[in-house]
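Geometric and topological summary
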Amino acid sequence: MPDDDLVFKALADPTRRFLLDQLFARDGRTLTELESEVDMSRFGVMKHLKLLEEAGLVVTRKEGREKKHFLNPVPIRQIHDRWIDKFTERNVTALLDLKAELENEEPS
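The numbers attached to residues start from 1 for each chain and follow its sequence in the written order. Only residues with pLDDT of 70 or above have their local features reported here, since the model is predicted, and side-chain atom pairs are shown and tallied only from 80 upward, although totals for entire chains, interfaces and linings are computed over all residues. Hydrogens and water are ignored here; the side-chain numbers use all heavy atoms of the structure.

Under an unreviewed UniProt entry, the protein has the name DNA-binding transcriptional ArsR family regulator and belongs to Amycolatopsis roodepoortensis.

As structure tokens, this is what we get:
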């Protein structure tokens, strides 16, 4: 599965988006900390985190006996650049052109 597909699949689930929001708010959380924020089993949270890791949206680091989870925003930015930015560029340019044209018009 291409990387974009993994990212879209990961972002499609509201629980996974919530976990990403939690890591955005405070990076470096343990499984126990993330688990306390959602109403599901530890195993369920682990499955969601595994999918987020496979998509590259979460990276982990062992610190002693703890495994900490960190948000990796790069795949989201790549999706933005490929799928969103190119569609908004034309609209923004058209609005800027319209603004310039209206500002250069003489009042009647």
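All right, on to the overall build of the protein then. The helix and strand inventory of the protein stands at five helices and three strands. The secondary structure listing takes helices from DSSP runs of H or I that are at least 4 residues long and strands from runs of E that are at least 2 residues long, numbered from the N terminus. Counting from the amino terminus, the protein carries its helices and strands in the arrangement α-α-β-α-α-β-β-α. A radius of gyration in this sense is built from C-alpha atoms; the matching globule rule multiplies 2.2 Å by the number of residues raised to 0.38. Taking 13 Å as the expected radius of gyration for a compact globule of 108 residues, we find that the protein reaches 20 Å, considerably beyond that expectation. By its C-alpha atoms, the protein is 75 × 30 × 25 Å across when sized along the principal axes.

What counts as an axis is a line fitted to C-alpha atoms, over the stretch in contact for a helix, and the angles between N-to-C directions run from 0 to 180 degrees. Where helix α2 (residues 14-25) contacts helix α4 (residues 42-54), the axes come no closer than 10 Å and their chain directions differ by 75°. Taken together, α2 and α4 sit at an angle that is classed as roughly perpendicular. For the pair α2 and α4, contact is made by Thr15, Arg16, Leu19 and Leu20 and by His48, Leu49, Leu51 and Leu52, respectively. Note on angle classes: values under 35 degrees are labelled roughly parallel, values over 145 roughly antiparallel, values of 65 to 115 roughly perpendicular, and the remainder oblique. Any two residues whose heavy atoms approach within 4.5 Å are treated as being in contact.

Inspection of the secondary structure puts Pro73 in the loop between β3 (66-71) and α5 (74-104). Separated by 17 residues in sequence, Pro73 and Arg90 have C-alpha atoms that sit 25 Å apart.

Take the nonpolar core next. For our purposes a nonpolar core is just a set of buried Ala, Val, Leu, Ile, Met, Phe, Trp, Tyr and Cys residues, chained together by side-chain atoms within 4.5 Å. When a residue's accessible area, from a 1.4 Å probe over protein chains only, is under 20% of the maximum for its type it is buried; when over 50% it is exposed; and in between it is partly exposed. In terms of nonpolar packing, the biggest core is built from 17 residues, with Ala10, Leu19, Leu20, Leu49, Leu52 and Leu57 touching the most fellow members. Secondary-structure elements contributing two or more residues to this core are α1 (3-11), α2, α3 (31-35) and α4. Ranked by residues supplied to this core, first place goes to α4 with four residues. Each residue touching Leu52, except ones within four places of it in the same chain, is listed here: Ala10, Arg16, Leu19, Leu20, Leu57 and Val58.

Method remark: on a 1 Å grid restricted to protein atoms, a set of points is classed as a cavity if a 1.4 Å probe fits but cannot get out and as a pocket if it is open with protein on both sides within 12 Å along at least five of seven lines; lining residues have an atom within 4 Å of a point. Grid points are joined across faces, edges and corners, and a volume is the space filled by probe spheres set on the points. Computed from the structure, the largest pocket encloses a volume of approximately 180 Å³. Around the largest pocket, the lining residues are Thr30, Leu31, Thr32, Arg42, Met46, Leu49, Lys50, Glu53, Glu66, Lys67 and His69. The element best represented in the lining of the largest pocket is α4, accounting for five residues. In the lining of the largest pocket, the residues fall into three nonpolar, three polar and five charged. The nonpolar class holds Ala, Val, Leu, Ile, Met, Phe, Trp, Tyr, Cys and Pro. Asp, Glu, Lys and Arg form the charged class, and all remaining residues, Gly among them, are polar.

Below, the discussion takes up the environment of Lys9. Within the fold, Lys9 resides in helix α1. Dropping the residues within four chain positions of it, Lys9 is found in contact with Arg16 and Leu51.

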